[in-house]
Amino acid sequence: MSKVNERVVPLSTTLSSGEIVEIVTKPQQKPKLAWLDQVKTAKARQAIRHWLREEQYDHNVRLGKDELDRELKSYRAVSPPDLDTVAKELGFSDAEHLCAALGNGDLSVGKVISRIAPLKPMRRVIRPQDRRDIRIQGMKNLMIQFGKCCDPIPGDEIVGLVTRGRGVTVHRTDCYNIGRISAEPDRLLKVDWELDGEPAFTVYLRTRSRDRKSLLADISGAISTVGCNIRESNTHTDGHIAEQDFWIDVADNEQLRQAIDQIEHIEGVLEV
């Protein structure tokens, strides 16, 4: 706000010689783009442009980081991705500048994800609600839940995490979230799988392949070869590319690994 001769006037008011000017400042006031049309000196315009660039940069960094975090939730990481290394590979000085480029649209999040080597698409696991297949420090039939961040299945090395207000959550021992709370060992519990030999989990898999005759039959046969039951499957084609969704019963992670290995060796399969 500005005053001329003790009267409040707009900042755009043209001054006359001899007038007394008072500028009333506010701590929360920020420069605006419109001010560039009102200021007269190059120094003032330069200062406003500098502030606007810094403000927009910070905004883009936040946008880019949020976008990347959302995308990473669809992936499982054994350790946190080294974004500074990824940034340098993509021609940026550090992770902050990479996030700024994501935020202003100069860089696609898919390009960043493709450079984060330790990541693999997360397996989605559907679990029977009434099943108790975990022994917590020697005791059975305790209420537990499984971490959606790492989706442990029988055969994985696991640990229990006492979650405030939600009981015990079971994670893989190499889960990123377990590493984050390593400074609170009192929250970790020894847990073991309590197996009965029956298929315990329905796992969702998606394959991406070059479409061809008998592709679905070949993939289904590969899954059945290792003893997995296919509960449901769907196929979507886009030109010469076929994407197929499978819901399969597995007993443990070794059987899942065998199924994936069989699928990957099928002619035309690009990704599992």
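See above for the structure.
If you're wondering where the values come from, they're calculated on a predicted model, not measured in any experiment.

Caption draft 1: Representation of helix α3 (residues 95-104) in the model. Turning to α3, its buried residues are Ala95, Leu98, Cys99, Ala100, Ala101 and Leu102. With a side-chain oxygen lying 3.2 Å from the backbone nitrogen of Glu96, the N-terminal cap of α3 falls on Asp94. Gly105 sits one or two residues past α3 and shows a positive phi near 90 degrees.

Caption draft 2: Structural view of the pairing of strand β9 (residues 158-163). Counting buried residues along β9, five of its six residues qualify, which places the element largely inside the surrounding structure. The pairing of β9 with strand β10 (residues 167-172) spans six bridges and is antiparallel. Paired with Thr163 across the two strands is Gly167, which belongs to β10. Two elements, β9 and strand β11 (residues 188-189), share two bridges in a ladder whose sense is antiparallel. Paired with Leu161 across the bridge in β11 is Leu188.

Caption draft 3: Structural detail: the nonpolar core. In this structure, Ile219, Ile223, Cys228, Ile248, Val250 and Ile263 are the most contacted members of the largest nonpolar core, which totals 27 residues. For this core, the secondary structure elements donating two or more residues are β10, β12 (191-193), β13 (201-210), α6 (215-225), β15 (241-250) and α7 (253-264). Residue assignment places this core across two domains, with domain 3 (127-197) and domain 4 (201-271) each supplying three or more. Those residues within four positions of Cys228 in sequence are excluded, and the remaining contacts are Ile223, Ile248, Asp249, Val250, Gln255 and Ala259.

Calculation notes
All residue numbers here refer to positions counted from 1 along the written sequence of the relevant chain. Local features are withheld for residues below a pLDDT of 70 in this predicted model, meaning they are given only at 70 or higher, and side-chain atom pairs are given and counted only at 80 or more; totals for whole chains, interfaces and linings count all residues. The side-chain numbers reported here are obtained from all heavy atoms of the structure, hydrogens and water having been left aside. Buried, partly exposed and exposed residues are distinguished by accessible area as a fraction of the type maximum, computed with a 1.4 Å probe on protein chains only: under 20%, between the cut-offs, and over 50%, respectively. Each helix is a run of DSSP H or I of at least 4 residues and each strand a run of E of at least 2, with the numbering of both proceeding from the N terminus. The definition of a polar contact used here is a pair of N or O atoms within 3.5 Å, where within protein one atom must be able to donate a hydrogen and the other to accept one, and adjacent residues in sequence count solely through side-chain atom pairs. Two strands form a pair only when DSSP identifies at least two bridges running between them. In this description, a nonpolar core means a group of buried Ala, Val, Leu, Ile, Met, Phe, Trp, Tyr and Cys residues linked to one another through side-chain atoms lying within 4.5 Å. Start and end positions for the domains come from either an automated domain assignment or a database one. Note on contacts: a residue pair is in contact if any heavy atoms of the two residues lie within 4.5 Å.

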